[in-house]
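Listed here are the chains, written in short residue letters.
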Amino acid sequence: MPTSDQSFFTVALRYLPRAIHVLRTEGGGVLLRKLKRRLHTTPLAIEGPPRLLAFSEPLAPVDLRGEEQPRISVVVPVHDQFAYTHHCLAALALTQNEATFEVILVDDASTDGTSERLAHYPGVRLIRNDENLGFVGTCNRGAEAARGEILVFLNNDTQVQSGWLESLIRTFEDFPNAGIVGSRLVYPDGRLQEAGGILFEDGSAWNYGHLDDPNRPEYSYLRAVDYCSGAALAIRADLFRQLGGFDPAFAPAYYEDTDLAFRVRATGHVVYYQPLSHVVHFEGITAGRDADAETGLKRFQRLHAETFRERWGAVLATFGPRDQDIDRARERQVARRALIVDNYMVTPDRESGSLRMLNLFRILQGLGYKVTFAAANLEAPQPYVSDLQRIGIEVLYRPYIRSIARHLARYGRDYDLVLLSRADAAAQTMKAVRRHCTAARILFDTVDLHFLRERRLAELKGDRATHLVAEMRKRQELDLMRQADLTLVVSETERALLAEEAPDVEVRLVSNIHRIFGSAKPPEQRRDLLFIGAFAHPPNSDAVIYFCKEILPLVRAELPDARLKIIGTDPPPEVVECAGQGVEILGYVPDVTDYLADCRISVAPLRYGAGVKGKVNQSLAHGLPVVATSIAAEGMHLRDGDSILIADTPVDFANAVVQLYRDDALWTRLSDGGLEVMERHFGFAAAERALRSALGLEETNP
């Protein structure tokens, strides 16, 4: 549906010229698909209450046998409450496929027969304390016996949810600076218990998000926190031992996890909250919930708060009072804030613009920015939302964010940088950004110059109406450039064009960004041709039809066994009709790595377009040589015969394909040359230098 800020008729009127253009050039089916996506927002898929196990006596033993060399050691401290322990272990058993782990259960002198019953649970490494050591001593004893490289401390009054352990462990892999990673804790009824802990200058603590909806955007992305609850906490085993474990000064319990977080941070590591690790915590089953209690275990919460404050007072002095803005307090470690708005959700496995955007996110994070992303229609399709949240990107989505304008009215002043990607998203949000983001530098990221692409289509078709649409788009894009503080383009060709068309606009080059993989196989082990491209982008459909009708027959006359494999989401009927006679339509392929390794040549026969072509970048990054038109190779620093073959007529294109297919030495030269160009101009280091320059940030020493 249209957003609350814009009626259907407002949207229709705004896009009427574009709609007519799409109808004329791409057909009614494509127009309907585009309108549906623009007007229909995919909301966040909200799961119901957490999955809870509920068994009755007699409780059958749980089998937790695993590998002899586990990567993870899950340490479960126990004092009585056998039924909760059984359910904790049963939930763990359901997640054994996520990682290789062992379970070390330390019975802290239980009196309800816990040890006797757990002795019959296969795979559980049972340790019994002769006397009650409390949480601190019990966890430390379990850690001493652990064989894994990562320790996970897990309360026995918990039930882990699917994906909990994989998400914790993956965080250590994605972020080498991670020292501690904590889970999102929820109550059995699904309400949030804790999304990381916040501390104040007096040493008191706050469970961020307590009793709120856990699916709200602010609770749903990885972030650095003051501390994480020991109820579900992962730490590198070597680091835990280096620090001497939980400090006995906080025995038997309370503030031991907070103190550990501070000591971990003092070593240069980071304490992260990972919301994709869901754990249900019944809370207080052993110790109770009354923080003001004068007797029992709970009294140590108050006593140890004073111990903690005395030890860390100098650090806490920078944390601010308890009545401060809680949103600022939760991100006290954030130096800069960036908001990025794009047309739709970032889908890096489906189109190259999204891959570039994802890599821009990563570079901005490396430059010290906390990144917030919103699709212009606030859609939230999975798994793309979770994929961003997992790496620390805050994603704004419905139903929690009703409109970007309303979000900016409240939070716009907090942003230091706003990047509006593509003309339609920029046109929709520029006014609100200018009004509310008073401290931000505003960038218009063109991705490609839409008016240039449409102008070239008009020239190709000889169509006056398309030319008029291109001129309308040009006026729109130049107007957006003049409203922005800085405009980003992806190629030198486009920067040179804007120097002529709009010399008053400040333009910087930040091109496509790719990881460089290299060639997986030599040429003699490869066969067939490959085309990759998202078919929501009209030049790709035109290129495939052109190649299949005018070039491929010439190629197969010389190479009758060569086949063309076409990868791309939602191929239109006219592309599907090309199947057969040596053409395979594969549609959406989640991971194209095998095709890039097995195919002999990548083809990019584009007849119109703009920007830098991700399909060419992607192939070159994998050492796969490309035959392309001049337009497909434009702005990429490629030299015909050294790093690519360029051909602009069907005969020349076919001859180039045949020559490259037969000549191993030429193949190797182009593969090596393409990789060199990618490393120099399209790797992460090149992109970071360009972005630093665009943002006026100083270079850091290597």
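Most of strand 13 (residues 336–342) sits inside the fold, with six of its seven residues counted as buried. Here seven bridges tie strand 13 to strand 14 (residues 369–375), and the two strands are oriented parallel to one another. Within the sheet, the bridge partner assigned to V341 lies in strand 14 and is A374. Regarding topology, helix 12 (residues 352–366) serves as the crossover connection from strand 13 to the parallel strand 14, and that connection is right-handed. Note that strand 13 and strand 16 (residues 417–421) share four bridges and pair parallel. Paired with V341 across the two strands is L420, which belongs to strand 16.

The nonpolar side chains of a soluble globular protein tend to be buried, and buried together. Counting 77 residues, the largest nonpolar core has L92, L154 and F361 as the members making the most contacts within it. Apart from residues no more than four positions distant in its own chain, F361 is found in contact with I340, V346, V371, F373, L388 and I393. Counting residues in each nonpolar core, the second largest holds 51 residues, with L529, L559, V603 and W667 among its members.

This next bit is on the packing of aromatic side chains. In total, this model carries 16 aromatic pairs according to the counting rule given. Seen in terms of ring centroids, F240 and F246 are 5.3 Å apart; in terms of plane orientation they differ by 80°. Their pairing is edge-to-face. You'll find F240 and F246 in the same group, each marked buried. Here the aromatic cluster, defined as three or more aromatic residues joined through ring pairs, consists of Y255, F262, F308, W312 and F319. Here R350 stacks its cationic end above the ring of Y588, 3.9 Å away from the centre of that ring. Above the ring of Y661, the side-chain terminus of R600 is found at 5.8 Å from the ring centroid.

It is worth spelling out unusual backbone geometry at this point. If a residue is not glycine, its phi is most likely negative; likewise, a peptide bond is most likely trans. Here the amide bond leading from E57 into P58 is cis, since omega sits at 0°, within 30 degrees of zero. For P58, the position within the fold is in the loop between helix 3 (28–39) and strand 1 (72–78). Here A251 and P252 are connected by a cis peptide whose omega angle stands at 0°. Residue placement: P252 occurs in the loop between helix 8 (237–242) and helix 9 (256–266). Look at Y255: it is not a glycine, yet its phi comes out positive at around 70°. For Y255, the location among the structural elements is in the loop between helix 8 and helix 9. A residue is classified by how much of its surface remains accessible, and Y255, at 12% relative accessible area, is buried.

This brings us to the side chain of T158. Looking at where T158 falls in the secondary structure, it is placed in strand 5 (residues 158–160). Taking relative accessible area as the criterion, T158 reaches 1% and is therefore assigned buried. Within polar-contact distance, the side chain of T158 engages the backbone oxygen of N155 at 2.6 Å. Filtering out sequence-adjacent residues up to four positions away, T158 remains in contact with C88, A231, V279, V280, H281 and F282.

It is worth spelling out the pattern of salt bridges at this point. Tallied over the entire structure, the rule returns 48 salt bridges. Between R309 and E306 there is a salt bridge, and its shortest N-O distance comes to 2.1 Å. Placement of the pair is R309 and E306 together in helix 10 (residues 299–316), with a separation of three residues, close to one helical turn. The class for R309 is partly exposed, based on a relative accessible area of 29%.

The next thing to look at is the environment of E310. Position of E310 among the secondary structure elements: in helix 10. Relative accessible area serves as the criterion here: at 59%, E310 is assigned to the exposed category. A C-alpha to C-alpha distance of 9.9 Å links E310 and D202, two positions 108 residues apart in sequence.

Residues of strand 23 (residues 601–604) alternate between two faces, with I601 and V603 on one and S602 and A604 on the opposite face, all of them buried. Note: strand 20 (residues 529–532) against strand 23, two bridges, orientation parallel. Within strand 23, the position partnered with L529 by the bridge is I601. Here strand 23 runs beside strand 24 (residues 626–628); their pairing, made up of three bridges, is parallel. The residue bridging V603 from the neighbouring strand is V627, located in strand 24.

As a further point, take helix 19 (residues 538–558). A rise of 1.5 Å per residue sets the reference length of helix 19, with its 21 residues, at 30 Å; its end C-alpha atoms lie 30 Å apart and thus fit the reference within 8%. Considering bend angle alone, the principal kink of helix 19 is centred on I551 and spans about 50°; proline P553 follows within four residues of it.

Time to look at the confidence of the model for the protein chain. When pLDDT is averaged along the protein chain, the result is 92, and 92% of the positions lie at 70 or above. Segment residues 1–8 is flagged for pLDDT under 50; beyond a separation of four residues in sequence, or across chains, it makes 15 contacts in the model.

Procedures and definitions
- Residues numbered from 1 in each chain as written.
- Predicted model: local features only at pLDDT ≥ 70, side-chain atom pairs only at ≥ 80, totals over all residues.
- Heavy atoms only, no water.
- Buried < 20%, exposed > 50% of the residue type's maximum accessible area, 1.4 Å probe, protein only.
- Helix = DSSP H or I, 4+ residues; strand = E, 2+ residues; numbered from the N terminus.
- Pairing = 2+ DSSP bridges.
- Right-handed = clockwise from strand over helix to strand, strands pointing away.
- Core = buried A, V, L, I, M, F, W, Y, C linked by side-chain atoms within 4.5 Å.
- Contact = heavy atoms within 4.5 Å.
- Phe/Tyr/Trp six-rings, centres within 6.5 Å; stacked < 30°, edge-to-face > 60°.
- Lys NZ or Arg CZ within 6 Å of the ring centre and 35° of its normal.
- Polar contact = N/O pair within 3.5 Å; in protein donor to acceptor, adjacent residues only side chain to side chain.
- Salt bridge = Lys/Arg side-chain N within 4 Å of Asp/Glu carboxyl O.
- Expected span 1.5 Å × (residues − 1).
- Bend = angle between axes of the 7 residues up to and from the residue.
- pLDDT = per-residue confidence, 0-100.

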